[in-house]
Amino acid sequence: MKYLGDAEALTLLNAENGEQAIECMKQHKVDVLFLDLTMPVMDGFEVLQTLPVNPYPTKIIILSADVQKQAMERCIQNGATFFLPKPFNQAILVKALERVGITLAFPQASYSETASTQNVSLQTENLQTEVHQTDSPETNSYVHQNSHPNALSAAASSSTSAIASTQPDRNHVGQDDFLTVFKEVANVALGRGAAIISDHFGEFIKMPMPNVAMLSTGELAMAILDIKQQAQSKAIAQRFVGGGIHGEALVCLHGQDIKAFGYRLGFGQKDEFKSEVVMDIANLMVSSFLVSLSEQMNIPFSVRQPVVMEDYMVWGEGKRDQRELFTVEYCYQSENLDVECNVLFMMDHNSTEVIKRVMETLH
């Protein structure tokens, strides 16, 4: 939580996953829990369903890239006080804390108003406001606004705030660990892409954390071979370019409801011998991710027409460059249909150097 590291009278507790967050809540009186939704071991939705684990009136602020309307509604229904979409700045975060009755003090010149008053107002209006009161006294006592504005809790015996977070600690990112920074950028792009698809589809889309890694050409060839050999699957390739970044996306669709999924998204099949629906789905998966990536990196991307994998030479065949490739892998899954969309983005060595430079400016 780099935005709160300099705050006075504040204890920060960090958990790497939902399971650790639950244990942290059991052992400490936490005033505010900053909760991500997409986590390993136990995700944010599971954490919300498990809480409360003690009688202390913890406020829950969701900090998530999953900006699907259904995701926000589920969080509010399960006890969250606010939903704060990523990315955000320090002013927005501090304003959200003030809305739950916590005012932080920073050393002089440590806290800069990174957004204008107008921007702060507009952004905080987009926060989901206080949870509607329910008939459950237990729920009400858990999510209500603090009735003691000058104290963090009526039962608190100290003036020090305790804040737990499941957010990654950016203060300890190594010099060469640009993958960690890009993973958060990719997570935001993944969440916005899911929101676009969910709006078209009309239902919630499951999305795990993206996997960001360097792959050798041999590992990539094995991954592509595995895609081509899977039963009941369709593989699509689509190239993209922008700002010195050259890459290709492979989209593999699994399941018996691929066509039904496509029709729900508004795609139709004109020629039964062509994979029009599959290519339209793949194009949506790739373009929705790249749109958000473009906004965050300030790099415009353009894409070529998608091509069915069976008719396409494997990416990288015949190339002499055996250096590792920068890859991003993620998966979208429908809750109610038998369909899963696996997406693998691949970028060459020169593209990796461009990405490194951009990530240095974002860290």
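To keep things clear, this report deals only with the structure shown in the data block.

Rules behind the numbers
- Residues numbered from 1 in each chain as written.
- Predicted model: local features only at pLDDT ≥ 70, side-chain atom pairs only at ≥ 80, totals over all residues.
- Heavy atoms only, no water.
- Helix = DSSP H or I, 4+ residues; strand = E, 2+ residues; numbered from the N terminus.
- Buried < 20%, exposed > 50% of the residue type's maximum accessible area, 1.4 Å probe, protein only.
- Contact = heavy atoms within 4.5 Å.
- Phe/Tyr/Trp six-rings, centres within 6.5 Å; stacked < 30°, edge-to-face > 60°.
- Lys NZ or Arg CZ within 6 Å of the ring centre and 35° of its normal.
- Pairing = 2+ DSSP bridges.
- Salt bridge = Lys/Arg side-chain N within 4 Å of Asp/Glu carboxyl O.
- Core = buried A, V, L, I, M, F, W, Y, C linked by side-chain atoms within 4.5 Å.
- Right-handed = clockwise from strand over helix to strand, strands pointing away.

A look at the overall build of the protein chain
Here is step 1: Of the regular secondary structure elements, the protein chain holds 11 helices and 13 strands.
Here is step 2: Counting every position in the protein chain, which comprises 363 residues, the buried fraction comes to 49%.
Here is step 3: Relative to all contacts within the protein chain whose residues are 6 or more apart in sequence, the contacts with residues 24 or more apart total 72%.

Concerning the packing of aromatic side chains
Here is step 1: Evaluation of the coordinates by the stated rule reveals 10 aromatic pairs.
Here is step 2: A ring pair is formed by Tyr330 and Phe345, whose centres lie 6.1 Å apart and whose planes are at 25 degrees; its orientation type is stacked. Residue Tyr330 is located in strand S12 (residues 325-334), and its partner Phe345 is located in strand S13 (residues 340-347); the two are separated by 15 residues in the primary sequence. Per residue, the accessibility class of Tyr330 equals that of Phe345, and both read buried.
Here is step 3: Three or more aromatic residues joined by ring pairs make a cluster, and in this case those are Phe240, Phe289, Phe301, Tyr330, Tyr332 and Phe345.
Here is step 4: Its guanidinium or amino end placed over the ring of Phe204, Arg74 lies 4.2 Å from that ring's centre, counting from NZ or CZ.
Here is step 5: The ring of Phe201 carries the charged tip of Arg264 above its face, separated from the ring centre by 4.5 Å.

Focus on the pairing of S12
Two faces belong to every sheet, and in a regular strand the side chains alternate between them.
Here is step 1: Most of S12 sits out of view: eight of its 10 residues are buried.
Here is step 2: The sheet contact formed by strand S6 (residues 205-206) and S12 spans two bridges and is antiparallel. In the strand pairing of S12, Lys206 is matched with Gln333.
Here is step 3: Two elements, strand S7 (residues 211-215) and S12, share five bridges in a ladder whose sense is antiparallel. Residue Leu215 lies in a different strand from S12, and its bridge partner there is Leu325.
Here is step 4: Taken together, the eight bridges between S12 and S13 define a ladder with antiparallel strand orientation. Along S13, the bridge assignment pairs Gln333 with Glu340.
Here is step 5: Linkage of S12 to S13, two consecutive antiparallel strands, is achieved through a turn of five residues.

Regarding the pattern of salt bridges
Here is step 1: For the structure on display, the rule yields eight salt bridges.
Here is step 2: Taking the shortest distance from any N to any O, the salt bridge between Glu203 and Arg264 comes out at 2.9 Å. Of the two residues, Glu203 sits in the loop between helix H7 (178-201) and S6 while Arg264 sits in helix H9 (residues 258-264), which places them 61 residues apart along the sequence.
Here is step 3: Residue classification places Glu203 among the buried residues on the basis of a relative accessible area of 19%.
Here is step 4: Arg239 serves as the salt-bridge partner of Glu248, at 3.1 Å between the closest nitrogen and oxygen.
Here is step 5: Of the residues examined, Arg239 reaches a relative accessible area of 34% and is grouped as partly exposed.
Here is step 6: The structure contains a network of salt bridges with shared partners spanning Asp36, Lys86 and Glu184.

Thoughts on the nonpolar core
Here is step 1: If you look at the biggest cluster of nonpolar residues, it comprises 51 residues, and the most contacted ones within it are Phe182, Phe261, Ile281, Val328, Tyr332 and Phe345.
Here is step 2: Every element with two or more residues in this core is listed here: H7, strand S8 (233-242), strand S9 (245-254), H9, helix H10 (276-297), S12, S13 and helix H11 (349-362).
Here is step 3: The element contributing the most residues to this core is H10, with 11 residues.
Here is step 4: Filtering out sequence-adjacent residues up to four positions away, Phe345 remains in contact with Phe240, Glu248, Ala249, Val286, Phe289, Leu290, Phe326, Thr327, Val328 and Tyr330.
Here is step 5: Residues Ile22, Leu37, Leu51 and Ile60 belong to the second largest nonpolar core, which totals 22 residues.

Considering the pairing of strand S3 (residues 59-64)
Here is step 1: Counting buried positions along S3 yields six of six residues, so the element is predominantly enclosed.
Here is step 2: Every second residue of S3 is oriented toward a common face, with Lys59, Ile61 and Leu63 on one face and Ile60, Ile62 and Ser64 on the other, all of them buried.
Here is step 3: Across four bridges, the pairing between strand S2 (residues 32-35) and S3 is parallel. Residue pairing across strands places Phe34 opposite Ile61, the latter belonging to S3.
Here is step 4: After leaving S2, the chain enters helix H2 (residues 44-50) and then returns to the sheet as S3, a path that is right-handed.
Here is step 5: Looking at chain direction, S3 and strand S4 (residues 82-85) are connected through four bridges and run parallel. Along S4, the bridge assignment pairs Ser64 with Pro85.
Here is step 6: Each parallel crossover has a hand, and the one from S3 via helix H3 (residues 69-77) to S4 is right-handed.

The analysis is restricted to geometry; functional conclusions fall outside its scope.
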